[in-house]
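Observations on the model geometry
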Amino acid sequence: MLKYLSANYILPITSMPIKDGIVSVDEEGVIQGIYDPTSFTPSDKTKVERYEGVIIPGFINAHCHIELSHMKGIVPKGTGLPSFLSKVMTTRSASMKKIDDAMAKADRDMYENGIVAVGDHANTDNSSKLKEDSQILYHTFVEVLGIEPEEADFKLKEAKSLTQEFRNGHVSITPHAPYSCSKVLFKKFKKMVPETNIISIHNQESEEENKLFRYKMGEFLDFYKSIGKNADAIKAQARNSIQSYLPYLPYPNKLLLVHNTYTSLKDLDFVERMDRDVMWCLCPKANLYIEGTLPKVQNFMNAGQRLVIGTDSLASNDTLSILEELKVLHAHFEDLDFLQTIQWATINGAIALNIENEFGSLEVGKKPGIVLLQGMEHMRLNEDVKVKRLA
C-alpha cells in the first residue's frame, strides 16, 4: 500500500523545489514517485495526506559521540577546549545502566528529530548493541589516541580490535585529533588503513591547538601534564595544525574535518592545494558551548568547500538536533540561503558517510526518511520551525 504525502513544497535536494508536490512511499519507506501537481493523475482510491510546511529527506548528523550522552549538563559552558577535555576525561565514568539509558534516549530523540544516519565517534563498545537495534544508520568512527610515540602500535591494535564490535559494516578507524596523536602514530596509521577507510578528525576546534603546533606553547602543554603525558616528541612547526598533520593522513581516503572553528584562509588554501577528498563538518552549538565562537562560515563557502552538519555530544550540547544547528547558523549568518544549508544537512552528509545511494535526497528507489518542516515562511528558517517525521 502506497502513501502519498504532499506539502506546500517538496525539496528533493538534488533537484528544484516542487510547489504543492507529492511524494509516494511504500510500506518500507522506499520512494516510488515524486510528482508535480499538474502531472499527478490519482485514481479514485488515491488518498493524499496534505501537510502545511516543507517536505525534505531525513537529516544526516555527520558528527556525534552518543556514548557521552549521560554527560549532559555536567561540563560547564565556555571553559575552552583543553579544560573541556580534562573535565570529560575525569567525569565520564558512570554505571552502565545510566550510560545505556542516556544513549537510548539520545537515539530516540535523534530519530524523532528527523535524523536518519549518524557519523558517531567511539572509544568503547558501549554503543554497539544500541546501533545494531536502532532505526538510525550509524557509521562508527573508532578513535585512536596516543600522544607518546611508544604508544602507537598498541593504540592502533586496540582500535582495530574495537572495530570488530560494530558489525553493520559501517565502521572505520580515525585519529581523534592532531593534538592527541603523535607523528609516529599518524605515520603508522597511514600504512595500516585501506583506501575505503573514511577518516573523521577533530580539526582546529581551539586556537590553543594552533598555538601548540606553531610555537609549542599554550594550554595544551598544561593539559598533557595534568593527564601524565610526556609532550617532548611535539615540536614547534611554525604553522597551523592542519598544515602540520594533513600530509601524514592516507591518500586518497575521504576526510571529514570536524569543527574547524579556527581554520584560516591560508589553511583553506593549503587544503585546496593538497587536492584531497575533504568535507568540513560544522557543529555550531558545540562551538558556542565550548569556545563561545563560530567558524567563519563564509570563508568556506567562498572557497567552494563542501560543508556538512553535526551535533557533537550532549557533553557539549543540550540537543542532538540538526534542525537546531541550522537555526543557530541562520541566526548568526543572516545571508545564508536555506536551499544551500539544507544540502549540508542532507545530501552532503550522506556523501561524507558514503551512503548517498540510499540517503540524503528524495529520489525514486531511495529510502531517505521523509521529514516535514512546519512553520517555514518563504523558505526562510526561523526559531519557530519544528520538525515532524512522516516516514
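It should be emphasised that the depicted structure is a prediction, and the values quoted were computed from it without experimental measurement.

Definitions and limits used
Residues numbered from 1 in each chain as written. Predicted model: local features only at pLDDT ≥ 70, side-chain atom pairs only at ≥ 80, totals over all residues. Heavy atoms only, no water. Phe/Tyr/Trp six-rings, centres within 6.5 Å; stacked < 30°, edge-to-face > 60°. Buried < 20%, exposed > 50% of the residue type's maximum accessible area, 1.4 Å probe, protein only. Salt bridge = Lys/Arg side-chain N within 4 Å of Asp/Glu carboxyl O. Helix = DSSP H or I, 4+ residues; strand = E, 2+ residues; numbered from the N terminus. Axes fitted to C-alpha atoms, helices over the stretch in contact; angles between N-to-C directions. Parallel < 35°, antiparallel > 145°, perpendicular 65-115°, else oblique. Left-handed = near helix turned anticlockwise from the far one by under 90°. Contact = heavy atoms within 4.5 Å. Nonpolar A, V, L, I, M, F, W, Y, C, P; charged D, E, K, R; others polar. Polar contact = N/O pair within 3.5 Å; in protein donor to acceptor, adjacent residues only side chain to side chain. Core = buried A, V, L, I, M, F, W, Y, C linked by side-chain atoms within 4.5 Å. Domains from an automatic or database assignment. Pairing = 2+ DSSP bridges. UniProt positions renumbered as here; feature names shortened; annotations may be inferred. Buried area = accessible area lost by both parts, 1.4 Å probe. 1 Å grid on protein atoms, 1.4 Å probe; cavity = no way out; pocket = protein on both sides within 12 Å on 5 of 7 lines; lining within 4 Å. Points joined across faces, edges and corners; volume = space filled by probe spheres on them.

**Section: the packing of aromatic side chains**
- If you walk through the whole model with that rule in mind, you get eight aromatic pairs.
- Ring geometry for Y35 and F40: centres 5.0 Å apart, planes at 50°, overall tilted.
- The exposure class of F40 is buried, given its relative accessible area of 14%.
- Between the aromatic rings of F220 and F223, the centroid separation amounts to 6.0 Å while the plane-to-plane angle is 85°, which identifies the pairing as edge-to-face.

**Considerations on the pattern of salt bridges**
- Throughout the structure, instances matching the rule amount to 16 salt bridges.
- When the shortest N-O distance is used, the salt bridge between R92 and E67 registers 3.1 Å. In this pair, R92 is assigned in the loop between helix 1 (81–91) and helix 2 (96–112) and E67 in the loop between strand 6 (59–64) and helix 1, connecting sequence segments 25 residues apart.
- Overall, E67 belongs to the buried group, its relative accessible area being 3%.
- Salt-bridge contacts for K327 lead to E324; the nearest nitrogen and oxygen are separated by 3.2 Å. Taken together, the residues K327 and E324, both in helix 12 (residues 322–332) and three residues apart, mark about one turn of the helix.
- E324 gets classed as partly exposed once you look at its relative accessible area, which sits at 22%.
- Within this structure, E132, E165 and R167 form a network of salt bridges that share partners.

**Observations regarding the packing of helix 1 against helix 7 (residues 219–226)**
- Two numbers describe how helix 1 lies on helix 7: the axes approach to 9 Å, and their chain directions differ by 20°. Put simply, helix 1 runs roughly parallel to helix 7. At the point where helix 1 passes helix 7, the crossing takes the right-handed sense. Of helix 7, the residues touching helix 1 (which contributes L81, P82, L85, S86 and M89) are E219, F220, F223 and S226.
- Taken together, the residues of the contact of helix 1 with helix 7 sort by class into six nonpolar, two polar and one charged.

**So, helix 6 (residues 207–215)**
- When helix 6 is considered as a whole, its buried residues turn out to be E208, E209, N210, L212 and F213.
- If you follow the buried residues of helix 6, they end up packed against helix 1, strand 10 (199–203), helix 7 and helix 8 (241–245).
- For helix 6, the side-chain oxygen to backbone nitrogen distance between the N-cap and E208 is 3.0 Å, and the N-cap itself is S206.
- Positive phi shows up at K216, right after helix 6, with a value of about 50°.

**Some words on unusual backbone geometry**
- Cis geometry is found at the peptide bond from Y251 to P252, where omega equals 10°.
- As for its placement among the helices and strands, P252 is situated in the loop between helix 8 and strand 11 (255–259).
- Residues other than glycine seldom take positive phi values, yet D20 does so here, at roughly 55°.
- Positionally, D20 belongs in the loop between strand 2 (18–19) and strand 3 (22–25).

**Notes on the nonpolar core**
- By size, the foremost hydrophobic cluster in this structure holds 69 residues, and its most contacted members are F59, M110, W280, W344 and L373.
- When residues in this core are grouped by element, the largest group, five residues, is from helix 2.
- Both domains that meet at this core, namely domain 1 (1–57 + 360–390) and domain 2 (59–359), each give it at least three residues.
- Apart from the residues within four sequence positions on either side, W344 is in contact with L282, V297, M301, L307, V308, I309, L329, L336 and G349.

**Examining the sheet that holds strand 13 (residues 307–309)**
- As summarised here, the arrangement of the four strands in space is 10-11-12-13, forming an open sheet in which the pairing is parallel. Across the chains shown, the open sheet's two edge strands, defined by having one partner strand only, are strand 10 and strand 13. Put simply, the sheet's adjacent strands are angled 30° from each other on average, direction ignored.
- Across five bridges, strand 10 lies against strand 11 in parallel orientation. If you follow I201 over to strand 11, its bridge partner there is L257.

**Brief notes about the UniProt feature "domain: Amidohydrolase-related" (unreviewed entry) in the protein chain**
- Within this structure's numbering, the places UniProt gives as "domain: Amidohydrolase-related" (unreviewed entry) are residues 54–375.
- Annotated as residues 54–375, this span is 39% helix and 17% strand, and its ends, taken at the C-alpha atoms, are 9 Å apart.

**Topic: the domain arrangement of the protein chain**
- Once the domains are mapped, the protein chain shows domain 1 (1–57 + 360–390) and domain 2 (59–359).
- Distance from the C-alpha centre of domain 1 to the C-alpha centre of domain 2: 32 Å.
- Across the boundary between the two partners, domain 1 contributes 24 residues, which contact 24 residues of domain 2.
- Where domain 1 abuts domain 2, roughly 2,000 Å² becomes buried across the two surfaces, and 66% of that area is made up of carbon and sulfur atoms.
- Summed over the three residues of domain 1 that lose the most area to domain 2, namely G360, L381 and R389, the buried surface amounts to 33% of that side.

**Things to note about empty space enclosed by the protein**
- The final tally for this structure, using the stated rule, is one cavity of 30 Å³ or more.
- Roughly 50 Å³ of volume is contained in the largest cavity.
- Surrounding the largest cavity, S128, K131, E132, Y138, T140, F166, R167 and N168 form its lining.
- Residue assignment for the lining of the largest cavity shows that the elements contributing at least two residues are helix 3 (128–133) and strand 8 (137–144).
- With three residues, the single largest contributor to the lining of the largest cavity is helix 3.
- Class assignment of the residues belonging to the lining of the largest cavity gives a composition of two nonpolar, three polar and three charged.

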